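# Examining the three-dimensional arrangement
As a plain string of letters, each chain reads:
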Number of protein chains: 2
Amino acid sequence: MASSAPWDGLKFVTGNANKVREAREILGIDLEQATLEGAYEIQTADLVELVRHKAEQAYHALRTPVLVEDSGLVFSAWNGLPGALVKWFESSVGCAGMLKMLEGFQDRGAFAQCCVAVHDGREIVLARGEVRGAIARGLRGSGGFGWDVLFIPDGHDRTYAEMSVAEKNAISHRMRAFAALRERIG
Amino acid sequence: MASSAPWDGLKFVTGNANKVREAREILGIDLEQATLEGAYEIQTADLVELVRHKAEQAYHALRTPVLVEDSGLVFSAWNGLPGALVKWFESSVGCAGMLKMLEGFQDRGAFAQCCVAVHDGREIVLARGEVRGAIARGLRGSGGFGWDVLFIPDGHDRTYAEMSVAEKNAISHRMRAFAALRERIG
């Protein structure tokens, strides 16, 4: 990135206000949210491919430096699922349904993934964050959002949703992705 | 469609040779297969939206009349899943995995959906076909492809994969979609 202040004026293009809130807390900056009419995500299990497409779509629609993100939850027993498709699981069966679908499987391991990218019109810089953990045996906690009620990070005995905002943001897959991105673009 | 012979020279744009074979058998014509480099499907549970995007993408890449298709399998217990995302279930957990994920649920109802579209550069004509049925208690049969081993159409006691090619094609969701399309474009 050529700019000396790459985070200034960057628009976080997402329909999810929870992600904007977390990004502001993690980065400690006042990040502006933008939404795209008619935007779509591509069908893929590959988070990097998905986020690269998102960055291109957002930049070409807005013609201003953009930040995009996608995250996913991979169940070890399911060999890649739900991954980046977890939003469809949430909106159909919900987190309770995912637990029920996992009942017949022994392995409750999982990892939380986040990929973020900045596109300034010249280049796309991508960064990833990942946290290993396990799927809880019930829906636990009322903090966070989405599937935070399901995911217990390794080395902890509480789900993301049972942690305070500061606790989650200190260890999360999203924090790791943003930290890696900050290392790359200053 | 303005053409008097709308099926002539139409290219079926798909990476799945099984679908081309079935379309040829159902329509009784010699349909040419074409594949697109760098094509992607959009993430949506809405088969019509997905197929409309596919038709636009295929026409704009090839600039020749195109036929596109997508199909899905909706489990009643899962409120929309896997739907058009079934290919990701197949490539991760497989059909055996889907059965295991369904174990905890009472309702084994399902429906098979197909949406087809023709785009000739001026308009997109879409048609749908749907078949209600149930999910088998094991993987049954060796015919067909994909999730045919799972799906027992209503009024039958065998899965698609236990039927002959002619039997399946006489009743399938894909046959119904093509029949509806043929009614619309002649």
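Read on for a plain summary of the structure. (Residues numbered from 1 in each chain as written. Chains lettered and ligands numbered in written order. Predicted model: local features only at pLDDT ≥ 70, side-chain atom pairs only at ≥ 80, totals over all residues. Heavy atoms only, no water.)

## As for the relation of the copies chain B and chain A
Taken as rigid bodies, chain B and chain A are interconverted by a rotation of 180 degrees and an axial shift of 0.0 Å, the fit giving an RMSD of 0.0 Å. As the rotation angle and translation indicate, the two copies are arranged about a two-fold axis. When the interface residues of chain B are mapped onto chain A, 100% of them again lie at the interface, so the same face is used by both copies. (Least-squares fit on C-alpha atoms with pLDDT ≥ 70 in both. Contact = heavy atoms within 4.5 Å.)

## Digging into the environment of arginine 140 of chain A
If you trace the backbone, arginine 140 of chain A turns up in the loop between strand E6 (124-135) and strand E7 (151-153). Residues contacting arginine 140 of chain A, with those up to four places away along its chain left out, are Val149, Ile152, Asp157, Arg158, Thr159, Ala161 and Glu162 of chain A. (Helix = DSSP H or I, 4+ residues; strand = E, 2+ residues; numbered from the N terminus.)

## Focus: helix H1 (residues 17-27) of chain B
Residues and elements named next belong to chain B. Listing the buried residues of H1 in full gives Lys19, Val20, Glu22, Ala23, Ile26 and Leu27. The buried side chains of H1 occupy one side of the element, clustering within an arc of 165 degrees when seen end-on. Those residues of H1 that are buried lie in contact with strand E1 (11-13), strand E2 (32-34), strand E3 (66-75), helix H5 (165-171) and helix H6 (173-185). In this structure asparagine 16 caps H1, since a side-chain oxygen of it lies 2.9 Å from the backbone nitrogen of asparagine 18. Where H1 terminates, the next one or two residues include glycine 28, which has phi positive at roughly 65 degrees. (Buried < 20%, exposed > 50% of the residue type's maximum accessible area, 1.4 Å probe, protein only. Arc of directions from axis to C-beta. Polar contact = N/O pair within 3.5 Å; in protein donor to acceptor, adjacent residues only side chain to side chain.)

## A closer look at the pattern of salt bridges
A side chain of one charge can pair with a side chain of the opposite charge when the charged atoms of the two come close. Overall, the coordinates contain 32 salt bridges over all chains when judged by the stated rule. Residue arginine 132 of chain B is joined to glutamate 130 of chain B by a salt bridge in which the shortest nitrogen-to-oxygen separation is 3.5 Å. By sharing partners, the salt bridges in this structure join Lys19, Glu22, Glu69, Asp148, Lys168 and Arg174 of chain A into a single network. (Salt bridge = Lys/Arg side-chain N within 4 Å of Asp/Glu carboxyl O.)

## Regarding the nonpolar core
Ranked by internal contacts, the top residues of the largest apolar core, which has 54 residues, are Trp78 and Phe89 of chain A together with Trp78 and Phe89 of chain B. In this structure, Phe12, Leu67, Val125 and Phe178 of chain A belong to the second largest nonpolar core, which totals 20 residues. (Core = buried A, V, L, I, M, F, W, Y, C linked by side-chain atoms within 4.5 Å.)

## A word on the pairing of strand E6 (residues 124-135) of chain B
For a regular strand, side chains alternate in direction, first toward one face of the sheet and then toward the other. All names here are of chain B. Here strand E5 (residues 109-119) pairs with E6 via eleven bridges, running antiparallel. If you follow histidine 119 over to E6, its bridge partner there is isoleucine 124. A loop of four residues connects E5 with E6, the two strands running antiparallel in sequence, and glycine 121 in this loop sits at a positive phi of about 100 degrees. Examined bridge by bridge, E6 and strand E7 (residues 151-153) share three bridges and lie antiparallel to one another. By the bridge assignment for E7, isoleucine 135 is matched with phenylalanine 151. (Pairing = 2+ DSSP bridges.)

## Structural notes on the interface of chain B and chain A
By convention, interface size is frequently given as the accessible area that disappears when the constituent parts associate. Across the contact, 25 residues belong to chain B and 25 residues belong to chain A. Here chain B and chain A share an interface that buries about 2300 Å² over both sides, 66% of which is from carbon and sulfur atoms. Looking only at chain B, the three residues that lose the most surface to chain A are Gln43, Trp88 and Met101 of chain B, adding up to 31% of its buried area. Where chain B touches chain A, the interface holds zero salt bridges. Our enumeration of links across chain B and chain A arrives at eleven residue pairs in polar contact (both at pLDDT 80 or more). If you list the elements that add at least two residues to the side of chain B that touches chain A, you get helix H2 (47-62), helix H3 (86-92) and helix H4 (94-102) of chain B. (Buried area = accessible area lost by both parts, 1.4 Å probe.)

## Considerations on the packing of helix H1 (residues 17-27) of chain A against helix H6 (residues 173-185) of chain A
All names here are of chain A. Closest axis-to-axis distance for the H1/H6 pair is 10 Å, and the angle between their directions is 55 degrees. By the angle between their axes, H1 is oblique relative to H6. Considering only the axes of H1 and H6, their crossing is right-handed. Along its contact with H1, which presents Lys19, Glu22, Ala23, Ile26 and Leu27, the element H6 presents Arg174, Met175, Phe178 and Arg182. Across the contact of H1 with H6, the residue classes break down as five nonpolar, no polar and four charged. (Axes fitted to C-alpha atoms, helices over the stretch in contact; angles between N-to-C directions. Parallel < 35°, antiparallel > 145°, perpendicular 65-115°, else oblique. Left-handed = near helix turned anticlockwise from the far one by under 90°. Nonpolar A, V, L, I, M, F, W, Y, C, P; charged D, E, K, R; others polar.)

## Quick notes on the pairing of strand E5 (residues 109-119) of chain A
Residues and elements named next belong to chain A. The element E5 is extensively covered by neighbouring structure, given that eleven of its eleven residues are classed as buried. Alternating residues of E5 divide into Gly109, Phe111, Gln113, Cys115, Ala117 and His119 and Ala110, Ala112, Cys114, Val116 and Val118, and every residue in both groups is buried. Judged from the ten bridges that link them, strand E3 (residues 66-75) and E5 form a sheet pairing that is antiparallel. Paired with valine 74 across the bridge in E5 is phenylalanine 111.

## Some details on the environment of glutamate 130 of chain A
Residues and elements named next belong to chain A. On the secondary structure map, glutamate 130 appears in strand E6. Relative accessible area serves as the criterion here: at 29%, glutamate 130 is assigned to the partly exposed category. In sequence terms glutamate 130 and tyrosine 59 are 71 residues apart; their C-alpha atoms lie 25 Å from each other. Beyond its immediate sequence surroundings of up to four residues, glutamate 130 is in contact with Phe111, Ala112, Gln113, His173 and Arg176.

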